[in-house]
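Breakdown of the fold
The lines below spell out each chain.
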Amino acid sequence: MKIRPALALSTAALAIGALAGCAPAATTPATTPAASASPSPGASADAEWSYRGSNGPEHWGKFGAACENVDSSHESPIAIDTSTVQMGTAAQKVVTHYAPAAFDIENNGHTIEAIPEDPAADSIEVNGKTYELQQFHLHASSEHTIDGRTAPAELHLVHKAEDGSVLVLGVMLQAGPASTALDEFFSSITTTVSEKGTPLSHEIDPSALIPADGMSVQYDGSLTTPPCTEGVRWNVYLTPVTVSAEELAAFTAVYPDNHRPVQPLHDRTLTEIPSGV
Ligand SMILES: [Zn+2]
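Rules behind the numbers
- Residues numbered from 1 in each chain as written.
- Predicted model: local features only at pLDDT ≥ 70, side-chain atom pairs only at ≥ 80, totals over all residues.
- Heavy atoms only, no water.
- Salt bridge = Lys/Arg side-chain N within 4 Å of Asp/Glu carboxyl O.
- Helix = DSSP H or I, 4+ residues; strand = E, 2+ residues; numbered from the N terminus.
- Buried < 20%, exposed > 50% of the residue type's maximum accessible area, 1.4 Å probe, protein only.
- pLDDT = per-residue confidence, 0-100.
- Contact = heavy atoms within 4.5 Å.
- Pairing = 2+ DSSP bridges.
- Arc of directions from axis to C-beta.
- Phe/Tyr/Trp six-rings, centres within 6.5 Å; stacked < 30°, edge-to-face > 60°.

With that settled, the discussion passes to the pattern of salt bridges. Within this structure, the stated rule accounts for three salt bridges. Across the salt bridge formed by arginine 260 and glutamate 75, the nearest N and O atoms sit 2.7 Å from each other. Linking arginine 260 in the loop between helix H3 (245-252) and strand S15 (271-273) with glutamate 75 in the loop between helix H1 (11-14) and strand S1 (79-80), this pair joins segments that are 185 residues apart in sequence. Taking relative accessible area as the criterion, arginine 260 reaches 1% and is therefore assigned buried. A residue is classified by how much of its surface remains accessible, and glutamate 75, at 0% relative accessible area, is buried. For aspartate 163, the salt bridge identified is with lysine 129, shortest N-O distance 2.7 Å.

If you want it as structure tokens, here you go:
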């Protein structure tokens, strides 16, 4: 087995302040970019990153140096080729400590995000370290690809540990039976961009948002939105979760295309976390 490099967190990772996309917390201080103040997606093209045009992913370097992919970059998302993975260990398995909890929903100008009212209410444990759930949000289509396949959408559950390290669970969403857990989330999606979340009336159990079999791939990557900060551990599940076509449409009506293209793997190793490890 290859030795996996330690998850090296730069000071930049500790200063992640972006509200949007894969950034960990809506409550982080000071360095909030203009993202939250954007009146509508794409409306302030000169000042705000976007998924297309002159501020699209190929130009994100002006919003964060790490977004400029160079030979040493460890950026996300990536194309996952399951034929190349190394076998992981039991300690790498994601142990969830999830329970139904209250969430606020917010359209932050780049995605729809659900933010727990108490981050300590839902956490995960990996390699003995506890990460609290900061928020979850969606991308359409999926950001990661699995063996060349793109899913209609991808759910990111962003977690942060006490030391500032970030771990994101990625879940592919495909059309099928509706998600009861996300029913109110999807029906509450609004086109109004706001820094302030709106409380959902029903609690959400994040356990219902991840596939039961636990089969996943782990690797070291980055935020998939500017400033594209590296030092982020990813755990991408291989089995999709279903949402209804109507639920998907409620999201894509507002965000038809908010995914970053796959980035080069470079020297990274993918680790397989099999079911039942
Ligand atoms: Zn994301």
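Moving on, we get to unusual backbone geometry. With omega at -10 degrees, the peptide bond leading from alanine 140 into serine 141 counts as cis. As for its position among the elements, serine 141 is in the loop between strand S7 (129-139) and strand S8 (145-146). That bond from proline 226 to proline 227 is cis: its omega, 15 degrees, falls within 30 degrees of zero. Secondary-structure assignment places proline 227 in the loop between strand S12 (216-222) and strand S13 (230-237). We note that asparagine 127 has phi near 50 degrees; this positive angle belongs to a residue other than glycine. Relative to the helices and strands, asparagine 127 resides in the loop between strand S6 (123-126) and S7. We note that cysteine 228 has phi near 60 degrees; this positive angle belongs to a residue other than glycine.

Counting all residues, the mean pLDDT for the protein chain is 87, and 83% of those residues have values of 70 or more. Counting contacts from residues 1-20, a segment whose pLDDT is below 50, to residues more than four positions away or on other chains yields 52 contacts. Below a pLDDT of 50 lies the segment residues 25-46, which in the model reaches 36 contacts outside its immediate sequence neighbourhood of four places, other chains included.

Further remarks concern the pairing of strand S9 (residues 153-161). The buried count for S9 comes to eight of nine residues, which makes it a mostly enclosed element. Summarising the sheet, S9 and strand S10 (residues 166-175) pair through eight bridges and their orientation is antiparallel. Residue leucine 155 lies in a different strand from S10, and its bridge partner there is valine 171. Where S9 folds back onto S10 in an antiparallel hairpin, the turn is made up of four residues, including glycine 164, whose phi is positive at roughly 95 degrees.

This brings us to H3. Turning to H3, its buried residues are Glu247, Leu248 and Phe251. On an axial view of H3, the arc spanned by its buried residues comes to 100 degrees, and they lie on one face. In this structure, the buried residues of H3 make contact with strand S5 (112-116), S7, S9, S10, helix H2 (183-187) and strand S14 (241-243).

What follows deals with the packing of aromatic side chains. Summed over the entire model, instances satisfying the criterion amount to seven aromatic pairs. Pairing phenylalanine 185 with phenylalanine 186 gives two aromatic rings, centres 5.5 Å apart and planes at 85 degrees, and the pair type is edge-to-face. According to the relative accessible area criterion, phenylalanine 185 is buried, its value standing at 1%. Ring plane angle 35 degrees and centroid distance 5.8 Å describe the contact between phenylalanine 251 and tyrosine 255, whose orientation is recorded as tilted. Residue phenylalanine 251 is classed as buried on the basis of its relative accessible area, which comes to 1%. Overall, the relative accessible area of 5% leaves tyrosine 255 in the buried class. An aromatic cluster of at least three residues, connected via ring pairs, comprises Phe103, Phe136, Phe185 and Phe186.

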